[in-house]
Amino acid sequence: MKKDDPDCPVRKQVVPSMKEKENKFGMPNYLIWKENRATDEVRPDSIARQYIDRIAFTVTDVCANYCRHCFRKEVVVDRDLKLRMDVEEGLQWITEHEEIRDVLITGGDPFILSDDKIDYLIRKLREIPHIQMIRFGTRTPIVLPHRITPGLKKVLSGYHKVPIWINTQCNHANEITEHTAKAVYDLLSCGVNVGNQAVLLKGINDDTESFKALHQKLLTVRIRPYYVFYCEPAPGIDHFRTTVEKGAELIRDAIRGHTTGLAQPMYVIATNIGKIPLMPDYYIVDKNEKEYTLKNYQGKTTLWPNMPE
Ligand SMILES: *Cc1c(COP(=O)(O)O)cnc(C)c1O
Ligand code: SF4
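Residues numbered from 1 in each chain as written. Chains lettered and ligands numbered in written order. Predicted model: local features only at pLDDT ≥ 70, side-chain atom pairs only at ≥ 80, totals over all residues. Heavy atoms only, no water.

*Asks:* Would you mind going over a nonpolar patch on the surface with me for this structure?
*Replies:* A surface patch of nonpolar side chains, about 180 Å² in accessible area, is lined by Val62, Ile112 and Leu144. Counting through the fold element by element, Leu144 comes out in the loop between α6 (140–143) and α7 (150–156). (Patch = residues over 30% accessible without salt bridge, like charges linked within 9 Å, V, L, I, M, F, W, Y side chains within 5 Å. Areas by Shrake-Rupley, 256 points an atom, 1.4 Å probe, with all protein chains shown as cover. Salt bridge = Lys/Arg side-chain N within 4 Å of Asp/Glu carboxyl O. Helix = DSSP H or I, 4+ residues; strand = E, 2+ residues; numbered from the N terminus.)

What follows is the structure, given as structure tokens:
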């Protein structure tokens with residue numbers, strides 16, 4: 001971060017602010033609601049479920065850095081909400097639920113665990129016959145790229161039937177350094193894909209220039225944009241939130257057509273019933289039995305023949 005600039009987009013993500021004490025629009029007990037922790041299905045604390053075929057498996061409450069905008073703040077930053085992150089209990093639950101094919105290991109930041117613990121988790125999950133893929137959500141390629149050590153590479157590498165996918169979190173182009181580029185290259189050379197899940201943050205990446213630069217720069221270090229999340233209504237992060245439409249507008253005004261489709265994330269609202277995409281809907285200007293009128297990123301229109309069913 002820039003030492004002397006209070007508006008530095010990296011600094012604002014990590015240096016606490018008195019604004020965090022205000023909470024006009026945030027929801028109390030946000031995580032309990034968001035992660036369906038108060039429903040009838042009996043699940044260990046370490047498992048958050050919104051979907052039939054996949055779950056989020058929380059294995060630690062420690063992170064490489066503590067993001068001020070974190071929606072899991074109650075667990076990892078403020079620590080008011082105590083969850084029992086018992087890995088064995090979680091593995092047991094996953095073993096018993098044959099409908100689960102995809103386990104997203106999250107936290108906290110799972111790459112804070114030792115190589116041995118990560119190795120153990122991966123081995124145990126690969127032993128479960130219904131698990132078809134393993135995912136990690138980790139900010140380390142961005143905030144602690146030195147964590148991608150030769151030891152960790154050994155744990156992650158090798159051809160396996162059950163692949164490993166990683167999503168990291170990068171919210172501004174200034175966060176991407178040579179160290180990140182090298183860490184991502186190392187992960188890719190282990191056969192591990194690296195995607196990005198950005199959070200839309202007011203005053204940090206909610207202008208067209210920063211938003212486009214972020215997504216273009218991710219591709220220069222081989223990270224594929226996956227999601228942009230609307231900043232969630234957790235307590236104490238009102239000052240980071242934009243209007244809900246903002247992300248769709250930014251995709252319309254900065255990404256789609258303005259740069260390669262590879263740089264295009266999906267803008268989603270992560271709700272208690274799953275992630276809900278919000279698309280900019282300017283493309284179809286008109287439609288009749290004969291044809292569509294389609295609009296491009298420059299506002300130009302064209303006609304496209306319709307097809308009867
Ligand atoms: C985000 C999330 C997932 C994974 O969603 P994808 O759209 O498959 O990336 C799974 N479970 C929970 C609880 C989640 O919040
Ligand atoms: S790395 Fe993720 S879990 Fe940890 S503080 Fe940041 S947003 Fe929250």
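*Asks:* Would you mind going over the sheet that holds strand β12 (residues 301–305) with me for this structure?
*Replies:* Read from one edge to the other, the open sheet built from three strands follows the order β10-β11-β12, with strand pairing classed as antiparallel. Because the sheet does not close on itself, it has two edges, and the strands there are β10 (284–287) and β12. Between one strand axis and the next, the sheet turns by 20° as a mean value, whatever way the strands run. Note: strand β11 (residues 291–295) against β12, five bridges, orientation antiparallel. Considered in β12, the bridge of Lys295 is made with Thr301. (Pairing = 2+ DSSP bridges. Axes fitted to C-alpha atoms, helices over the stretch in contact; angles between N-to-C directions.)

*Asks:* Help me understand the site of ligand 2, please; the structure alone is not making it clear to me.
*Replies:* In the vicinity of ligand 2, the contacting residues are Cys63, Asn65, Tyr66, Cys67, Cys70, Val76, Gly108, Arg139 and Gln169. Split into classes, the residues belonging to the shell around ligand 2 amount to five nonpolar, three polar and one charged. (Near = heavy atom within 4 Å. Nonpolar A, V, L, I, M, F, W, Y, C, P; charged D, E, K, R; others polar.)

*Asks:* Hey, could you run me through the packing of helix α9 (residues 208–220) against helix α10 (residues 246–255) in this one?
*Replies:* Here α9 crosses α10 at 75°, and the two axes come no closer than 9 Å. In terms of orientation, α9 lies roughly perpendicular with respect to α10. Along its contact with α9, which presents Thr208, Phe211, Lys212 and His215, the element α10 presents Leu250, Ile251, Asp253, Ala254 and Ile255. Across the contact of α9 with α10, the residue classes tally to five nonpolar, two polar and two charged. (Parallel < 35°, antiparallel > 145°, perpendicular 65-115°, else oblique. Contact = heavy atoms within 4.5 Å.)

*Asks:* Help me understand the pattern of salt bridges in this model?
*Replies:* Pairing between side chains becomes possible if they bear opposite charge and their charged atoms approach one another. All told, the structure shown has 19 salt bridges when counted by the stated rule. Among the salt bridges present, the one from Glu99 reaches Arg49, with a minimum N-O distance of 3.0 Å. With Glu99 in the loop between α4 (87–96) and β3 (102–106) and Arg49 in strand β1 (residues 47–49), this pair connects stretches of sequence that are 50 residues apart. For Glu99, a relative accessible area of 34% gives the class partly exposed. Notably, a salt bridge pairs Arg252 with Asp253, separated by 2.9 Å at the nearest N-O pair. Overall, Arg252 belongs to the partly exposed group, its relative accessible area being 31%. The network of salt bridges with common partners includes Glu20, Arg68 and Lys73. (Buried < 20%, exposed > 50% of the residue type's maximum accessible area, 1.4 Å probe, protein only.)

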